[in-house]
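Okay, here's what each chain looks like letter by letter:
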Amino acid sequence: MAERTTDAEVLAQELEKIGDRIVALEARIAVVEEVIPRLEVAAQTTARGMEEISSHWDAVYRAMRRAE
């Protein structure tokens, strides 16, 4: 007689697969959470650099206007 898989066994197998996926997702989220602070620092540094460039261009523009 062939062994039959019960509904409970099928459910247990599916729950195990879902559990494995959740563990994998938690690992990926942990990596993302490590990266976010570094991205925030990089964004702030970029913003400060863009402000500095903008102020330099403003000075160039004012100098050009005075020359006219």
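Draft legend 1. Geometry of the overall build of the protein. A count of helices and strands for the protein gives one helix and zero strands. Compactness check: the protein gives a C-alpha radius of gyration of 29 Å against a globular reference of 11 Å for 68 residues, more than 25% above the reference. Considering only C-alpha atoms, the protein reaches an extent of 100 × 20 × 10 Å along its principal axes. Total accessible area on the protein stands at roughly 6,700 Å², and carbon and sulfur atoms take up 61% of it.

Draft legend 2. Inspection of the pattern of salt bridges at higher detail. Counted under the stated rule, the structure contains one salt bridge. Of the charged contacts in the structure, one is a salt bridge between Lys17 and Glu14, with a shortest N-O distance of 3.4 Å. Taken together, the positions of Lys17 and Glu14, both in helix H1 (residues 7-67) and three residues apart, correspond to about one turn of that helix.

Draft legend 3. Up close: a nonpolar patch on the surface. On the surface, Met50, Ile53, Trp57, Val60 and Met64 cluster together into a nonpolar patch covering about 550 Å² of accessible area. Relative to the elements of secondary structure, Trp57 occurs in helix H1. Residue Trp57 is classed as exposed on the basis of its relative accessible area, which comes to 60%.

Scoring rules and cut-offs
Residues numbered from 1 in each chain as written. Predicted model: local features only at pLDDT ≥ 70, side-chain atom pairs only at ≥ 80, totals over all residues. Heavy atoms only, no water. Helix = DSSP H or I, 4+ residues; strand = E, 2+ residues; numbered from the N terminus. Rg over C-alpha atoms; globule rule 2.2 N^0.38 Å. Areas by Shrake-Rupley, 256 points an atom, 1.4 Å probe, with all protein chains shown as cover. Salt bridge = Lys/Arg side-chain N within 4 Å of Asp/Glu carboxyl O. Patch = residues over 30% accessible without salt bridge, like charges linked within 9 Å, V, L, I, M, F, W, Y side chains within 5 Å. Buried < 20%, exposed > 50% of the residue type's maximum accessible area, 1.4 Å probe, protein only.

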